[in-house]
Amino acid sequence: MGVMGSPRASGGSTSQTAARLLIILDKLGEASSAADLAEFPDAVKVIRATSRLAKLDFWLRNPDYLADEVLTDIVAGDIDPKEGLPHVERMLAGSTPLLHLYPMQRYKYGAWELPDNAIAVLKSYGFVAQRRAKEVDTEAASQARRDYFLLTDGERAVANMRAQVEQIEWYDQQADSIKLLNLGPSGAAAKSRQYCQPEYKATPVGRIIAPILERVRLRFAEVAAACAYTIAAPAGDTP
């Protein structure tokens, strides 16, 4: 069974999704505000809106798309090639991008998956909290923005995962690569950037967003050559 027809196409198991969401909250969340702490005294970080959470998860699990975003900012002069190109090389090397690929479906507003099952598990352990933004209009309340909070026990859980599960390092590195991009606190910038990818934009609603690996690898070679950056030979190759 290929990736597209496997459980990977829905983000993997609930526990895998929960682990990724903890990493996203820990590494990419903003500090909790005074108002947040008044409601959740042990809140450490927050990501405001399911849309932002989904867009960050898309990049975390689709390294080819994230690598292309980093290349775009290198070409635009927004990221130093010496800093950005090693990130791109890490994401595109050998079988790495396929091993870490967890495709996502496209819905009306782009890459999207409700994280409800994973969030429910994390809430049951006291690792995260969730709230809906208050809406005066009761009809709008059902579609109000959801905010996701990493709690102190969740922060400890992430630290324990890092110490015990070697594979977590990949997601930490992915989050570090996302940090290179200038996204702001909302999901709008991430959504806009993702829609600039023609394959992403052309994906029919309800279908899996197709990989762009080969195109990005060619672009990486071009940008690396222009920046006089030496790409390491694949493992096992001889000079």
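Residues numbered from 1 in each chain as written. Predicted model: local features only at pLDDT ≥ 70, side-chain atom pairs only at ≥ 80, totals over all residues. Heavy atoms only, no water.

It is worth spelling out the overall build of the protein chain at this point. In terms of regular secondary structure, the protein chain is built from 13 helices and 6 strands. Buried positions account for 47% of the 239 residues belonging to the protein chain. Taking contacts inside the protein chain between residues at least 6 apart in sequence as the whole, the part at least 24 apart equals 75%. If you sum the accessible surface of the protein chain, you get close to 12000 Å²; carbon and sulfur atoms cover 55% of it. (Helix = DSSP H or I, 4+ residues; strand = E, 2+ residues; numbered from the N terminus. Buried < 20%, exposed > 50% of the residue type's maximum accessible area, 1.4 Å probe, protein only. Contact = heavy atoms within 4.5 Å. Areas by Shrake-Rupley, 256 points an atom, 1.4 Å probe, with all protein chains shown as cover.)

Here we take up the environment of N62. For N62, the position within the fold is in the loop between α3 (50–61) and α4 (63–75). On the basis of relative accessible area, N62 is assigned to the buried category, the value being 2%. Separated by 39 residues in sequence, N62 and L101 place their C-alpha atoms 5.3 Å apart. Residues within four places of N62 in sequence aside, it is in contact with L101, Y102 and P103.

A complete count under the given rule lists 7 aromatic pairs for this structure. Geometrically, the ring pair formed by Y65 and Y200 is edge-to-face, given 6.4 Å between the ring centres and 65° between the ring planes. Highlighted residues: Y65 in helix α4 and Y200 in helix α12 (residues 198–202), separated in sequence by 135 residues. Judged by relative accessible area, Y65 falls into the buried class, the value being 1%. Centre to centre, the rings of F220 and Y229 are 6.4 Å apart; their planes meet at 55°, and the pair counts as tilted. Given the relative accessible area of 22%, Y229 is considered partly exposed. An aromatic cluster of three or more residues is present, and its members are F58, Y65, Y195 and Y200. Here the guanidinium or amino end of R20 rests over the ring plane of Y102, the centre of that ring lying 5.7 Å away. Geometry around W170 places R90 over its ring, the cationic atom sitting 4.7 Å from the centre. (Phe/Tyr/Trp six-rings, centres within 6.5 Å; stacked < 30°, edge-to-face > 60°. Lys NZ or Arg CZ within 6 Å of the ring centre and 35° of its normal.)

On inspection of all chains with the given rule, the structure shows 1 cavity of 30 Å³ or more. Of the voids in this model, the largest cavity is the one considered here, and its volume is about 30 Å³. Contributing elements (two or more residues each) for the lining of the largest cavity: α4 and α6 (96–99). (1 Å grid on protein atoms, 1.4 Å probe; cavity = no way out; pocket = protein on both sides within 12 Å on 5 of 7 lines; lining within 4 Å. Points joined across faces, edges and corners; volume = space filled by probe spheres on them.)

Turning next to the confidence of the model for the protein chain. Any segment with low pLDDT has predicted coordinates that should not be analysed in fine detail. Of the residues in the protein chain, 87% have a pLDDT of 70 or more, and the chain-wide mean is 88. Of all secondary-structure elements in the protein chain, the lowest mean pLDDT belongs to helix α8 (residues 138–141), at 52, while helix α5 (residues 81–92) reaches the highest, 98. (pLDDT = per-residue confidence, 0-100.)

Between side chains of opposite charge, pairing is possible as soon as their charged atoms come close. Applying the stated criterion to the full structure yields 20 salt bridges. Between D26 and R162 there is a salt bridge, with the nearest N and O atoms lying 2.7 Å from each other. Taken together, the positions of D26 in helix α1 (residues 14–28) and R162 in helix α9 (residues 152–164) put the pair 136 residues apart, joining distant regions of the chain. Measuring nitrogen to oxygen at the nearest pair gives 2.9 Å for the salt bridge that ties R131 to E39. Here R131, found in strand β5 (residues 128–132), pairs with E39, found in helix α2 (residues 34–39); they are 92 residues apart in sequence, far enough to count as distant. (Salt bridge = Lys/Arg side-chain N within 4 Å of Asp/Glu carboxyl O.)

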